[in-house]
Amino acid sequence: MMVTLSFDVEQDCPPFASTFKGLREGLPEVMDLLEEYGIRGTFLFTGRAAEAFPELARRAAKKHELGCHGLEHERFDRLTASEAGGRLRKALSILRRFGRVVSFRAPNFQFPDGYYPVLENLGILVDSTKARHKGWRGGVTPIGGLLEVPASMTSIVTRLPWRIQLRVHEKLEEPAVYIFHPWEFVRMPRSLRPDCWFGTGKPALSKLRHLIEYHVEKDATFLTLAEYLDVYQKLKRG
Ligand SMILES: [Zn+2]
């Protein structure tokens, strides 16, 4: 099974909070954990998160994959194509100071189909905005010159009790693309929406370790989104 661990690196549960506790306290521990197992994750940063935490963006680019999650977690479906292009150009000019960036996921899984050429023109090769929990049934699909690698599930699944989430992992289609956020690994206040705080903090980190061990035992191959693109292209060429 090919497995991708992807992380949308943003402010704490946007738009409900604007703090960066998840980057300060959660993300370094997550990177430590992946590196302990020799796994490269895909870290899709907003431009603003990379600006505020350049050392983490650098670490993502060097030891993992650095990708793009917008400039400041804007809703691209509320922008015109040219506004979207402007935001993305700015985000990528920040992110590419740290290394190569070819993967993208839109905030809130909202990106109009008509804007895909904008991504392509900016050198994005892989999109992971489409998601099964948002109704996408197409699997991995080329869209124009991009490869769509859909997300397998919403991020709250991996914070559920293990025996419950296990049923989801057992039925996954390849590649399994998991989504996490730095703020899930710090304790979030209960004044926020339940999906912002449920299961957050240290329990989330130990469940991530459990998930990694589950897939390691099953001999999974952990790939970044960009690495998955290489595998896909090789398979296509036969
Ligand atoms: Zn996000």
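Cut-off values and rules
- Residues numbered from 1 in each chain as written.
- Predicted model: local features only at pLDDT ≥ 70, side-chain atom pairs only at ≥ 80, totals over all residues.
- Heavy atoms only, no water.
- Helix = DSSP H or I, 4+ residues; strand = E, 2+ residues; numbered from the N terminus.
- Buried < 20%, exposed > 50% of the residue type's maximum accessible area, 1.4 Å probe, protein only.
- Disulfide = S-S within 2.5 Å.
- Polar contact = N/O pair within 3.5 Å; in protein donor to acceptor, adjacent residues only side chain to side chain.
- Contact = heavy atoms within 4.5 Å.
- Salt bridge = Lys/Arg side-chain N within 4 Å of Asp/Glu carboxyl O.

Sorry if this is basic, but what is going on with the environment of Ser 206 here?
Relative to the helices and strands, Ser 206 is located in helix α8 (residues 202-217). Judged by relative accessible area, which is 47%, Ser 206 ranks as partly exposed. Counting along the chain gives 75 residues from Ser 206 to Ala 131, while the straight-line C-alpha distance between them is 25 Å.

Help me understand the state of the cysteines, please; the structure alone is not making it clear to me.
One way to say it: the disulfide is the covalent bond shared by the sulfur atoms of two cysteines. Under the definition given, this model contains one disulfide. At a sulfur-sulfur separation of 2.0 Å, the disulfide partner of Cys 13 is Cys 196. Its S-S torsion of about -70 degrees marks the bond between Cys 13 and Cys 196 as left-handed, since a negative value means left-handed. Taken together, the positions of Cys 13 in the loop between β1 (2-9) and α1 (21-36) and Cys 196 in helix α7 (residues 194-197) put the pair 183 residues apart, joining distant regions of the chain. By relative accessible area, which is 5% here, Cys 13 ends up buried. Sulfur of Cys 68: no disulfide; nearest cysteine sulfur belongs to Cys 13 and is 20 Å away.

Sorry if this is basic, but what is going on with the side chain of Thr 129 here?
On the secondary structure map, Thr 129 appears in the loop between β5 (126-127) and β6 (141-143). For Thr 129, a relative accessible area of 3% gives the class buried. A polar atom in the side chain of Thr 129 sits 2.8 Å from the side chain of Asp 127. Contact partners of Thr 129, with chain neighbours within four places excluded, come to Phe 104, Arg 105, Ala 106, Phe 109, Gln 110, Phe 111, Tyr 116 and Glu 148.

Just to check I follow, could you spell out the pattern of salt bridges for this structure?
Two side chains that carry opposite charge are able to pair once their charged atoms sit near each other. If you walk through the whole model with that rule in mind, you get 16 salt bridges. For Arg 87, the salt bridge is made with Glu 74, and the minimal N-O distance between the two is 2.7 Å. In this pair, Arg 87 is assigned in helix α4 (residues 81-95) and Glu 74 in the loop between β3 (65-68) and α4, connecting sequence segments 13 residues apart. Assessed through its relative accessible area of 8%, Glu 74 is described here as buried. Put simply, Asp 113 and Lys 130 hold a salt bridge, and the shortest N to O gap is 2.5 Å. Taken together, the positions of Asp 113 in the loop between β4 (103-104) and α5 (116-121) and Lys 130 in the loop between β5 and β6 put the pair 17 residues apart, joining distant regions of the chain. Assessed through its relative accessible area of 53%, Asp 113 is described here as exposed. A residue is classified by how much of its surface remains accessible, and Lys 130, at 14% relative accessible area, is buried. Each member of the salt-bridge network shares a partner with another, and the members are Arg 48, Glu 51, Glu 72, Glu 74 and Arg 87.

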